[in-house]
Amino acid sequence: MTTNSIKVYHPKDLPREKTVLIFSPHPDDTSISAGGAALLLSPHNKVISIVMTTGHRAKMDGLDKEQRISLREKESIAEAKFLGAGVDFLRLDLYDDGKIVSKDREKLMHLLETHRPEIVF
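Predicted, not measured: the structure shown is a model, and the values here were computed from it. (Residues numbered from 1 in each chain as written. Predicted model: local features only at pLDDT ≥ 70, side-chain atom pairs only at ≥ 80, totals over all residues. Heavy atoms only, no water.)

Visitor: Could you clarify how one ought to interpret the pairing of strand β4 (residues 46-51) in this entry?
Guide: Side-chain positions along a regular strand alternate between the two faces of the sheet. Counting buried positions along β4 gives five out of six residues, so the element sits mostly inside the fold. Examined bridge by bridge, strand β3 (residues 19-24) and β4 share six bridges and lie parallel to one another. Bridged to Val 20 within β4 is Val 47. For β4 and strand β5 (residues 86-89), the ladder comprises four bridges, and the chain directions are parallel. Its bridge partner being in β5, Ser 49 is matched across the sheet by Val 87. (Buried < 20%, exposed > 50% of the residue type's maximum accessible area, 1.4 Å probe, protein only. Helix = DSSP H or I, 4+ residues; strand = E, 2+ residues; numbered from the N terminus. Pairing = 2+ DSSP bridges.)

Visitor: Mind showing me how you'd approach helix α2 (residues 65-83) here?
Guide: Side chains three or four residues apart in an α-helix point the same way, a direct result of the helix having 3.6 residues per turn. Here α2 is 19 residues long and its end C-alpha atoms lie 27 Å apart, about the 27 Å a rise of 1.5 Å per residue gives. Elements that come into contact with the buried residues of α2 comprise α1 (29-41), β4 and β5. Just downstream of α2, Gly 84 is the residue with a positive phi angle, here 75°. (Expected span 1.5 Å × (residues − 1). Contact = heavy atoms within 4.5 Å.)

Visitor: Hey, could you run me through the side chain of Ser 42 in this one?
Guide: Residue placement: Ser 42 occurs in the loop between α1 and β4. Only 3.4 Å separates the side chain of Ser 42 from the backbone oxygen of Leu 39, close enough to count as a polar contact. Polar side-chain contacts of Ser 42 include one of 2.8 Å to the backbone oxygen of Leu 83. Leave out the neighbours within four places in its chain, and Ser 42 touches Val 47, Leu 83 and Gly 84. (Polar contact = N/O pair within 3.5 Å; in protein donor to acceptor, adjacent residues only side chain to side chain.)

Visitor: Any chance you could explain the pattern of salt bridges here in plain terms?
Guide: Two side chains that carry opposite charge are able to pair once their charged atoms sit near each other. Applying the stated criterion across every chain, the model contains seven salt bridges. A salt bridge links Arg 72 to Glu 75, with the nearest nitrogen and oxygen atoms 2.9 Å apart. Taken together, the residues Arg 72 and Glu 75, both in helix α2 and three residues apart, mark about one turn of the helix. Residue classification places Arg 72 among the buried positions, given a relative accessible area of 10%. Between Glu 73 and Arg 91 there is a salt bridge, and its shortest N-O distance comes to 2.8 Å. Separated by 18 residues along the polypeptide, Glu 73 in helix α2 and Arg 91 in the loop between β5 and α3 (94-97) bring together distant segments of the chain. Each of the salt bridges in this network shares a partner with another, and the network as a whole consists of Asp 28, Arg 72 and Glu 75. (Salt bridge = Lys/Arg side-chain N within 4 Å of Asp/Glu carboxyl O.)

Here's what the structure looks like:
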């Protein structure tokens with residue numbers, strides 16, 4: 001159904017048996033940006049949250065960098081589980097370097113070649 005240029009899908013019309021990647025700049029961004037879509041798509045598709053950075057800059061008093069990364073990744077795993085999705089961590093260097101380096105591009109290309117997504121958010 002289309003109403004005022006907004007397309008509304010009925011659950012029976014959603015894609016099935018597809019690989020769906022949801023790119024998340026930081027841990028927890030999947031639920032913020034595409035959580036509803038992930039929740040609707042995950043019962044009949046392979047949905048994977050792709051966390052691009054470590055999120056270690058989050059303010060968490062008393063925790064060192066590695067502890068913050070571990071905590072943020074645990075949050076992402078719990079988020080993905082709630083959404084019925086998987087999760088993959090790229091840990092791109094751009095988070096610290098401020099620019100995309102060849103290693104980041106290689107990680108991204110490997111991920112795309114591995115998962116071969118049909119739908120990307």
